[in-house]
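Close look at the chain arrangement
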Amino acid sequence: MNIKVKLFGSLVDKTGKSELPVSGCPDTDSLKKTVLTQYPQLKDCVFLISVNKHIVKDNHKLEEGNDIALLPPFAGG
Amino acid sequence: MFNKEEIERYSRHLLLPEIGIAGQEKIKKSKVLVIGAGGLGCPALQYLTAIGIGEIGIVDFDKIEASNLQRQILYTVEDIGKLKAHVAVEKLSNQNPFVKLVPLPLRLDNKNALEIISQYDIILDGTDNFATRYLVNDACVILNKPLVYGSIHKFQGQVSVLNYTDNNKKTGPTYRCLFPEPPKSGSIQNCAEAGVLGVLPGVVGTLQAAETIKIITGIGEILSRKLLLFDALTMNFQIIEINRNDGWTKAAPKNKEEFLKMDYDFFCGNNVHKGSTKSISVNELKLKIQNKEDFCLLDVREFMEQPQIDELIDLQIPLSEVSEKTHLISKSKKVIVMCKGGTRSKRAIEILENDFGFNNLYNLEGGIMEWMKLQSEKVI
């Protein structure tokens with residue numbers, strides 16, 4: 001299963017990418033683990049995971065074509 | 001309730017059946033507190049003043065700098081060096097004399113926040129740091145006030161109406177339902193560090209003003225339980241659904257007593273090593289330069305940040321790159337670390353001491369701003 005993960009804010013700065021292709025992740029826990037293994041510079045980052053425009057807090061099953069975004073807080077005002 | 005001049009001024013609102021006289025009266029009776037008169041605060045203040053909010057409080061302890069003028073469109077060149085809260089009140093009073101404007105040129109903290117926030121109906125968050133953002137959120141939760149939240153990063157913005165109690169007496173999520181834990185100190189850059197597109201806060205602050213008007217007049221759908229994301233590069237607006245999460249808000253202070261005991265700087269990791277960092281004053285630095293002492297100056301500001309002072313440049317490594325470039329920093333000489341105001345340099349020292357074993361670092365208290373002050377005193 002291939003999934004595109006959209007990155008926002010400081011996560012784009014830290015990875016140099018606004019979208020990551022991720023494969024073989026059946027749920028959000030494994031997705032998070034895969035992203036952090038690929039990009040260890042994100043390990044100290046706080047971010048929300050949104051699946052199909054809903055914030056998911058607990059582990060959430062993923063399906064092909066899901067719209068996924070990783071949303072860090074923004075500091076500026 | 002409105003005189004002839006007001007009827008004329010607000011005529012375009014009065015024409016809207018959704019607002020009309022009744023809505024405009026609600027606007028006139030309302031009291032809004034804008035925290036931060038910067039990128040988000042300026043456009044929000046200008047619209048809230050234009051539409052005739054009864055009373056607007058403006059909290060900001062900062063002074064106007066040349067680098068603000070690229071996006072904080074309330075201010076002009078003559079205002080540089082003046083207090084934002086005072087200049088904002090002066091300009092906005094000319095814009096609409098029917099609005100009571102209250103300047104609050106102070107640093108919001110847990111000792112004064114509840115007293116100030118309790119006097120207003122709606123709070124608009126235009127802060128630029130996490131410590132104040134959590135403080136304002138927690139105060140709004142304790143006082144049961146809606147918080148119109150906005151924040152920005154480079155080309156992107158977030159907007160939401162937090163802690164909003166709807167007609168069914170159900171209260172929506174708070175900032176802690178979004179982010180229960182603050183990000184690690186220094187891991188997310190603010191506008192001064194990362195840069196920001198000039199019009200971005202104009203868009204986001206105006207959206208916050210729009211939500212404020214909707215809360216007051218009760219029209220439309222409030223952006224509660226929703227997080228709006230805006231990206232100026234793709235012109236994409238999207239709304240993400242969020243839930244209230246009472247479990248996640250457990251760490252928040254529940255009442256005034258607990259709130260007073262909170263140390264928001266500590267919570268956000270700003271002063272974790274309070275007191276342990278060695279520091280020197282700008283006066284001491286001046287003496288060291290005059291005496292030609294052997295030391296190195298490390299500037300951890302971003303490369304484009306002003307002012308660049310020839311006298312104070314030895315080595316420049318932005319805070320975000322410090323961990324990767326430690327080999328450039330002397331471990332034998334005394335190294336004086338500085339930034340704009342002394343916070344980032346302190347963070348850089350914490351990183352270098354804790355992770356890389358440095359013990360020869362001194363923080364320049366008050367940073368370049370304090371140095372500039374010393375120079376201007378000398379001129380006078």
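Look up: the structure comes first, before these words.
Here we summarise the structure given alongside this text. (Residues numbered from 1 in each chain as written. Chains lettered and ligands numbered in written order. Predicted model: local features only at pLDDT ≥ 70, side-chain atom pairs only at ≥ 80, totals over all residues. Heavy atoms only, no water.)

Residues and elements named next belong to chain B. Counted by the stated rule, this structure contains seven aromatic pairs over all chains. The interplanar angle of 80° and the centroid separation of 5.1 Å between the aromatic rings of Tyr 134 and Phe 267 together place this pair among those described as edge-to-face. Of the two residues, Tyr 134 is situated in helix α7 (residues 130–143) and Phe 267 in helix α12 (residues 264–267); the sequence distance between them amounts to 133 residues. With a relative accessible area of 0%, Tyr 134 lands in the buried category. By relative accessible area, Phe 267 is classed as partly exposed at 22%. Feature note: the residues Tyr 134, Tyr 149, Tyr 175, Phe 179 and Phe 267 constitute an aromatic cluster, connected by ring pairs. Over the ring of Tyr 362 we find Lys 278, and its NZ or CZ is 5.1 Å from the ring centre. Positioned over the ring face of Tyr 362 is Lys 334, at 4.6 Å from the centre of the ring. (Phe/Tyr/Trp six-rings, centres within 6.5 Å; stacked < 30°, edge-to-face > 60°. Helix = DSSP H or I, 4+ residues; strand = E, 2+ residues; numbered from the N terminus. Buried < 20%, exposed > 50% of the residue type's maximum accessible area, 1.4 Å probe, protein only. Lys NZ or Arg CZ within 6 Å of the ring centre and 35° of its normal.)

Further remarks concern the packing of helix α3 (residues 20–29) of chain B against helix α10 (residues 200–217) of chain B. All names here are of chain B. Axis separation between α3 and α10 bottoms out at 9 Å; the angle between their running directions is 110°. Comparing the axis directions of α3 and α10 gives the class roughly perpendicular. By crossing handedness, the relation of α3 to α10 is classed as right-handed. Across from Gly 23, Lys 26 and Ile 27 in α3, the residues of α10 making contact are Ile 213, Ile 216 and Thr 217. Taken together, the residues of the contact of α3 with α10 break down into three nonpolar, two polar and one charged. (Axes fitted to C-alpha atoms, helices over the stretch in contact; angles between N-to-C directions. Parallel < 35°, antiparallel > 145°, perpendicular 65-115°, else oblique. Left-handed = near helix turned anticlockwise from the far one by under 90°. Contact = heavy atoms within 4.5 Å. Nonpolar A, V, L, I, M, F, W, Y, C, P; charged D, E, K, R; others polar.)

Attention now moves to the sheet that holds strand β9 (residues 279–280) of chain B. Residue and element names in this part refer to chain B. Strand order across the open sheet formed by five strands is β9-β13-β12-β10-β11, with parallel pairing between neighbours. The two strands at the open ends of the sheet, each matched to only one other strand, are β9 and β11 (315–316). Across the face of the sheet, helix α14 (residues 343–356) comes into contact with β10 (295–299), β12 (334–338) and β13 (361–364) while running at roughly 165° to β13. (Pairing = 2+ DSSP bridges.)

Turning to the interface of chain A and chain B, a few remarks are in order. If you look at the interface, chain A gives 20 residues, while chain B gives 38 residues. Roughly 2,500 Å² of surface becomes buried between chain A and chain B when both sides are summed, with 61% attributable to carbon and sulfur atoms. Per-residue buried area on chain A facing chain B is highest for Phe74(A), Ala75(A) and Gly77(A); these three make up 28% of the total on that side. The interface formed by chain A and chain B holds two salt bridges in total. The closest approach of N and O atoms between Lys154(B) and Asp13(A), which form a salt bridge, is 3.0 Å. Where chain A packs against chain B, one counts 13 residue pairs in polar contact (both at pLDDT 80 or more). The set of elements that each furnish at least two residues to the side of chain A that touches chain B consists of α1 (10–15), β3 (48–51) and β4 (54–56) of chain A. At three residues, α1(A) tops the list of elements feeding residues into the side of chain A that touches chain B. Considered class by class, the residues forming the side of chain A that touches chain B number nine nonpolar, six polar and five charged. (Buried area = accessible area lost by both parts, 1.4 Å probe. Salt bridge = Lys/Arg side-chain N within 4 Å of Asp/Glu carboxyl O. Polar contact = N/O pair within 3.5 Å; in protein donor to acceptor, adjacent residues only side chain to side chain.)

No statement about biological role is implied by the geometric values presented.
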